[in-house]
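Below are the chains, spelled out letter by letter.
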Amino acid sequence: MAPTPQSTLAVLSASITGKENNPGEGVSVLVFFVNGKKVVDETPDPGMTLLTYLRLKLRLCGTKLGCGEGGCGACTVMVSKYDRFKQATVHLSVNACLAPVVSMHGLAVTTVEGIGNAKQRLHSVQQRLANSHGSQCGFCTPGIVMSMYTLLRNNPLPSMKEMETYFQGNLCRCTGYRPILEGFRTFTEEWAKYGKRSSMEGCGRKGGCCKEKGNAGGCDLTEEDDSQELFQTSEFVPYDASQEPLFPPELIASAKLDEQFLTFRGKNMTWYRPVSTYQLLNLKQMYPEAKIVVGNTELGVEVKFKHCEYPVYINPSLVPDLTAIKIETDGVVFGAGVTLSEIEETCFQVIKNIPEENSRIFQQIVEILQWFAGKQIRNVAAVGGNIMTGSPISDLNPIFMASKCTLRIASISEDKQVFFDENFYTGYRKNIVGPSEILVSIKVPFTKENQFFFAYKQARRRDDDIAIVNGAFSVTLKNEGTDHVISSIQMAFGGMGPTTLLAVKSSLHLQGQKFNDNIVELACDALKNELSLTPNAPGAMIRYRQSLVLSFFFKTFLAIRKQLGYDLANENSAVEVFEKEPLHSHQLFEVKNDAATVGALGKPLKHKAADHQVAGTAQYTDDMPHIEGELYAGLVLSSKAHAEILSIDTSTALAVPGVVEWVDSTDLKERNEFALAIAKDELVFANQFVHCYRMVIGVILAQDQETAQKAARLVKVEYKDLPAIITIEDAIKENSFHEVPNAGITDGDVESVFKSATNIVEGEMRTGAQEQFYLETQACIAIPKIENDEIQIWSSTQNPTLTQNTVAAVLGIPANRVSVHVKRMGGGFGGKESRSVPLAAAVAVAANKVSRPVRIMLDRDEDMLISGFRNPFYGKYKVAFDDNGKVLALDLLLYANAGWTLDLTFSIVERAMFHSDNSYKVPNLRVRGFCCKTNLTSNTAFRGFGGPQGLMIAETWIEKIAKTLDIPAEDIRERNLYEEGMTTHFNQKLINCTLKKCWEECKTLSRFSERQKEIEKINSCNRWKKRGMSMVPVKFGIAFTALHMNQAGALVNIYQDGSVLISHGGTEMGQGLHTKMIQVASQALNIDHNKIHIAETATDKVPNTSPTAASAGSDLNGMAVLEACMTIKKRLEPFISSNPSGTWEDWVKSAYFSRVSLSSTGFHATPDIGYDFKTNSGNAFNYFTYGVCCSEVEVDCLTGDHQVISTQIVMDLGESINPAIDIGQVEGAFVQGYGLFMMEQILHTPTGVLLTRGPGAYKIPSFNDIPGVFNVALLRGASNPRAVYSSKAVGEPPLFLAASVFFAVKNAIAFARAESGAPPYFELDAPATAERIRMACEDKFTSLVPQLPPSGSFTPWSIQT
Ligand SMILES: Cc1cc2nc3c(=O)[nH]c(=O)nc-3n(C[C@H](O)[C@H](O)[C@H](O)COP(=O)(O)OP(=O)(O)OC[C@H]3O[C@@H](n4cnc5c(N)ncnc54)[C@H](O)[C@@H]3O)c2cc1C
Ligand code: FES
Ligand code: FES
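A brief look at the structure comes next. Think of each chain on its own: its residues are numbered from 1, step by step along the sequence as written. Lettering for chains starts from A, numbering for ligands starts from 1, and both go in the order in which the items are written. Local features in this predicted model are restricted to residues whose pLDDT is 70 or higher, and side-chain atom pairs enter the listing and the counts only when it is 80 or higher, whereas totals over whole chains, interfaces and linings include all residues. Only heavy atoms go into the side-chain values, all of them from the structure, while hydrogens and water stay out.

### Looking at the overall build of the protein
- The helix and strand labels rest on DSSP assignments: H or I over at least four residues marks a helix, E over at least two residues marks a strand, and numbering proceeds from the N terminus. Secondary structure assignment for the protein yields 40 helices and 47 strands.
- Taken over the C-alpha trace, the protein has a radius of gyration of 31 Å; the compact-globule value for 1361 residues is 34 Å, and the two agree within 12%.
- Based on the C-alpha atoms only, the size of the protein along its principal axes is roughly 95 × 75 × 70 Å.
- Whether a residue is buried, partly exposed or exposed follows from its accessible area with a 1.4 Å probe, protein chains only, as a fraction of its type maximum: under 20%, in between, or over 50%, in that order. Relative to its 1361 residues, the protein shows a buried fraction of 65%. Throughout, radius of gyration means the C-alpha value; the globule benchmark is 2.2 Å times the number of residues raised to the power 0.38.

Here is the structure:
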């Protein structure tokens, strides 16, 4: 039945009052409030985002830019408005990076600076986050503070669930989320009810705490352990909602600002805000090219990243027809400008107030909306924007289509209603709405009797991700005798073509059919044919996407059967959704020094900068005030992976007003080439050839960022294409390798063992690239001085000395003219060890050319395009073992994709070779490593530095031995574990080897054996959900493998008032290095840590620094700080002994007046190390850090989705300098490792173009991905004579422990395969994405999906390199 057309404009509210309201005339003044202060701007730029306005115009730099696309939450602010209808203030968390500043008119914005500060009083949200160790690098912190703050403003006593919902749009790359959730848990109703334990029993271990069972389960936690806390809740500032600032009374008193027709004119665009439908339609008639803007969540991304330009924006937020929600007798009408949060709220009301059978569509909208973007996006994004954008993976459109919604579309001359069906979309992001028409509203019907409705979404990540495939099913049944027969069925899918698709043919095929078991086969057959994909279809994952369609139908079939009262028996698991309980966690550690001891060593002190980080006053590179005459550098990047540059035309770019200069390789001549490590193969700017996609060709200098970037895009480069090598396989085929000095290690006689061994297996394994995704992108400011060629560099770098040397080399000046300064980084993870240097070189050259300061902070996409990733690896192994699984020999080939320059890949491959035994004694081992030279951006360091790749391949052959012998993998691991005194394949003797101790403790704490039995039982009753469990060890070598880097310096200055200033060679990137150094000094000098300060890292204070990397920052710099402190302490001793009852200040004063130096340097060079590849002798490492981890997972076999139920980690960190920081490092590393092995997937086109360029396409773990039970225990009674105060390095080793999740998933898949009769052995590459998991769970549905043609016979949409 066709929808009834409405009579045209009669129904539209029409009013134009006063001259001001005439569209196109007049200019409005922007008025809004920021942190209680009124902002009046007569010439606002409507193209400017709120974030830019806050940071540039108001100099409120607390709000951070992490991505600019709404995907990280670093820019979260609270926007408050007065709802005149409800007479209440509404608070919304909003992404300032997408919100146009002019949309703030009449509203109040609160930023992190507006709620508390480190000088006077932190807000309780800020204080709890700081004290609970929830801020490491601090770059995500302001956004996290503001999400929590907004929640509390809306609900002073929220539930844990609500809290987690508010964090869906926030990412943190450092903490692993646990401390954030634990700190903020204290605001929740669960905390109010249950206190410390919240809703959990005992230690929170699922299945019950062992302690409560009288230690029956073998857990050895003691009361004493339990009393240790990482933070004291007694110190928390109580939250008092009544003390919050009032909403500006001026905005309540007068509705003027809320009722104005607005016109804002900018350089390139005009913004209108009409107040009636008539005005809106009139404007659309006048400006058919105009964009209707509500949330700007689509438009903002199009403008920023696709560089679209739209001259006219019309914001309908005051137009009643577009903002109204009307509940009618047969459904609900949502105005097109209604936000998703408002829709969700309405759905809840509908569900509550009408019978269940009528609200089924609304139930599914709620279900899907919880996985739609993050809270910040849902608060502003409108339903009309979703429909009109017409994304083929829109989450709401399948629901709207399957439910036969109607749309109301109007222009100044027509008002009509249409069905939202297969005719609405006419092509990719195209629909039937004409240029002068707008979408007014959508009507969502109530379900009728016997109508069932289900919707599904499968994404890479559950929280805040776009769908791979989504689907909605509306099935109406009628009774025919004892049978249920389909009277009508609509099935709509996203992700299966260029638009949302209604499977019309399949529906026709199924209509009238009996709804019994046979229907599944019929439906699968029909859907498979109707929704086929070509092998090269955009989005790839071809077979997976097709199988998801079938899985979704099967789930719907079972869900309906269940609603009809059938017992689904073990198939019930197909319809159960993952239930995630609020986080449970426990941390076990020892504090050696008690609270009364002056020295701070061993105490869980909070990060020294935490208070400033939570208050938004911690300064990062781009927060530095602008300097007189400063310019911004816009990068010109190549559009080819490998080509000859034929010409560069900068004329159009240089003609843009505000552009000052063009800088390229001709400004450098022979100094364009430089070395980052052993090979002099880096170029500041491309010269004649480009060697990778997005190689830096030159920079445009302009007065501001927008002008520089815009002009850079106008530089025209002509190329002649050359053949490109992209993948490891290509490189092997073409014999394309970088030359490296050390290509292998051989220990024992591998060949003769293989000749005699009875058990030999071979296999291969691939690990993918991983983006560092530090929240602060690469940034640098170069400030040339007038005199003597001096230049100061402020850089977000882990490597000040390499930056200094490189800048000196490319400028042709001595290193003593270059000073490099690092205040802090918003995360580094290895990504700023070497790849920050070419950027600093380019900026320095530019600054030098124009003799003016030059600044750059990369956009997220630029950063991902030019800064390189963790190297992808390919490993090929052959392993011999005896019948008990004892390894006899290993022959291994390791290939790393290095990219076009060598960078650090040779060292990364070396570390992979050193770690190719993981924790297992391999008596005969031969490993050879290759650095593949490809036309990709140079890959580089990332936490673990090749270790995780080598270790992962080791675990793969362990698993293969286990499968071959049919012995549990944990038994094989246990049988091969290293023991005290054994030597590795690189001939290093293991001293103080605590591997077995960690293994046993982990086994006990995780109740491994009992859980395994329980898992078997659970799996036997559940066909479509399988559990799995795995326990893996790690042995990680600590030291730089480049010998000369194992050195550090420090400078300790004591001033006359007794205050101490430390400088050392390490940089602070969130890992708490400065805090630990202060603790070391506090212990050495025996003074309160508050007397000690670290201001920055600078090459003019401590020279010749090694990069802060290899987990060795605390070890090296700690020893240097210790030495400097001990020198001074010794000088003070006479004054102490002559005045034993004096104070520190007295002794310092006396020393000063006695003309004793209160300043000392310290220096440390790690003794007894230095490995020689030629002789396979000498210690490669100072010592080893050990750990073991057990994880349990559940896998949805039909979709490949999974969740981590629990993780227990045991780490030997010696005597921890700071257990809070160390546990934070363990958790953060684990979650990064989880991303590496399970989620994060870098994709390129076959021609080398990077596809995954921001948080929209590249998913790092979010709050929802961490284990439900997340326990960390630091091994007790472990000491380490080889590092400062018996501590151990922590940064990298725990990352690999996330492999326990990978192998637990593999274990779960094996259960599924056993049930479907698939062969038991299967290969699984990392990351084990939902796609790989699903396709490995072979079953009747996957077998229905056609195989792809042989590789090479078609060009896939994406590849892994
Ligand atoms: C971080 C992030 C996560 C996201 N996650 C998801 C997700 O999980 N699922 C999903 O489906 N989408 C997602 N999106 C996409 C986007 O948020 C939605 O499509 C949203 O509903 C768009 O609404 P908006 O108000 O912001 O649109 P805007 O950006 O304001 O407008 C979008 C387009 O619609 C047009 N338009 C808007 N209203 C009308 C109207 N009434 N008449 C005619 N044209 C109109 C505009 O002219 C414009 O072309 C995400 C986006 C971001 C940035
Ligand atoms: S910067 Fe706004 S969400 Fe990332
Ligand atoms: S502390 Fe969250 S990103 Fe660094």
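After presenting the structure, the write-up continues.
### Let's talk about the side chain of N976
- Tracing the backbone shows N976 in helix α31 (residues 969-976).
- The class of N976 is buried, set by a relative accessible area of 2%.
- A polar contact is formed between the side chain of N976 and the backbone nitrogen of V887, at a distance of 2.8 Å.
- The contact definition used throughout considers only heavy atoms, calling two residues in contact when any of these lie within 4.5 Å. For N976, the contacting residues outside a window of four places in its chain are G885, K886, V887, S919, Y920 and K921. Distance and chemistry together define a polar contact, namely a pair of N or O atoms within 3.5 Å, with one atom able to donate a hydrogen and the other to accept it when in protein, and with adjacent residues in sequence counting only for side-chain atoms on both sides.

### Quick notes on the site of ligand 1
- For ligand 1, the set of nearby residues contains 31 residues, the closest of which are G295, T297, N386, D395 and L439.
- The separation between an oxygen atom of ligand 1 and a polar main-chain atom of V294 is 2.9 Å.
- Taking G295, its main chain carries an N or O atom lying 2.8 Å from an oxygen atom of ligand 1.
- Surface accessibility in these figures is a Shrake-Rupley result with a 1.4 Å probe; residues are shielded only by whichever protein chains are displayed. Summarising the interface, the protein chains cover 92% of the accessible area of ligand 1, which totals 980 Å² for the free molecule.
- For the shell around ligand 1, the secondary-structure elements that each account for two or more residues are β8 (291-292), α16 (383-389) and β16 (438-445).
- Among the elements that line the shell around ligand 1, the one with the most residues is α16, at five residues.
- Residues are grouped as follows: Ala, Val, Leu, Ile, Met, Phe, Trp, Tyr, Cys and Pro are nonpolar; Asp, Glu, Lys and Arg are charged; every other residue, Gly included, is polar. Looking at side-chain class alone, the shell around ligand 1 contains 15 nonpolar, nine polar and seven charged residues. Nearness is judged by heavy atoms alone; a residue qualifies as near a molecule or strand once a single heavy atom is within 4 Å of it.

### Details of unusual backbone geometry
- Put simply, A1326 and P1327 share a cis peptide bond, and its omega is 5°.
- Counting through the fold element by element, P1327 comes out in the loop between α38 (1299-1316) and α39 (1330-1336).
- Here N450, not a glycine, exhibits a phi torsion of approximately 65°, which is positive.
- Secondary-structure assignment places N450 in the loop between β16 and β17 (451-459).
- A positive phi angle is found at N735, which is not glycine, with a value near 55°.
- The residue N735 is located in the loop between α24 (728-734) and β30 (744-747) in this model.

### Description of helix α29 (residues 905-914)
- The element α29 is extensively covered by neighbouring structure, given that 10 of its 10 residues are classed as buried.
- Burial in α29 covers these residues: T905, F906, S907, I908, V909, E910, R911, A912, M913 and F914.
- On its buried face, α29 sits against β30, β36 (873-881), β37 (887-899), β38 (924-933), α30 (947-965) and β39 (1025-1038).

### Remarks on the packing of aromatic side chains
- Aromatic pairing here means that ring centres of Phe, Tyr or Trp (its six-membered ring) are within 6.5 Å. Orientation follows from the plane angle: under 30 degrees is stacked, over 60 is edge-to-face, and everything else is tilted. Summed over all chains, the structure comprises 44 aromatic pairs.
- Look at Y82 and F247: their rings are 6.4 Å apart centre to centre, the planes differ by 25°, and that puts the pair in the stacked class. Of this pair, Y82 sits in strand β3 (residues 76-83) while F247 sits in the loop between α7 (223-227) and α8 (249-253), placing them 165 residues apart in sequence. The burial state of Y82 is the same as that of F247; both residues are buried.
- Feature note: the residues F914, F986, Y1171, F1173, F1181, F1184 and Y1186 constitute an aromatic cluster, connected by ring pairs.
- Any Lys NZ or Arg CZ that is within 6 Å of a ring centre and within 35 degrees of that ring's normal is treated as a charge sitting over the ring. The lysine or arginine in question, R824, covers the ring of Y620, its NZ or CZ lying 5.6 Å from the ring centre.

### Topic: the packing of helix α2 (residues 124-131) against helix α3 (residues 141-154)
- Axis definition: a line fitted to C-alpha atoms, limited for helices to the stretch in contact. Angles are taken between N-to-C directions and run from 0 to 180 degrees. At a minimum axis separation of 9 Å, α2 and α3 run at an interaxial angle of 130°. Between α2 and α3, the interaxial angle falls into the category oblique. α3 is crossed by α2, and the crossing has right-handed handedness. Residues V125, Q126 and L129 of α2 pack against T141, I144, V145, M148, Y149 and L152 of α3. Oblique is the label for any angle not covered by the other classes, which are roughly parallel (under 35 degrees), roughly antiparallel (over 145) and roughly perpendicular (65 to 115). Left-handed describes a crossing whose near helix is turned anticlockwise from the far helix by less than a right angle; the clockwise case is right-handed.

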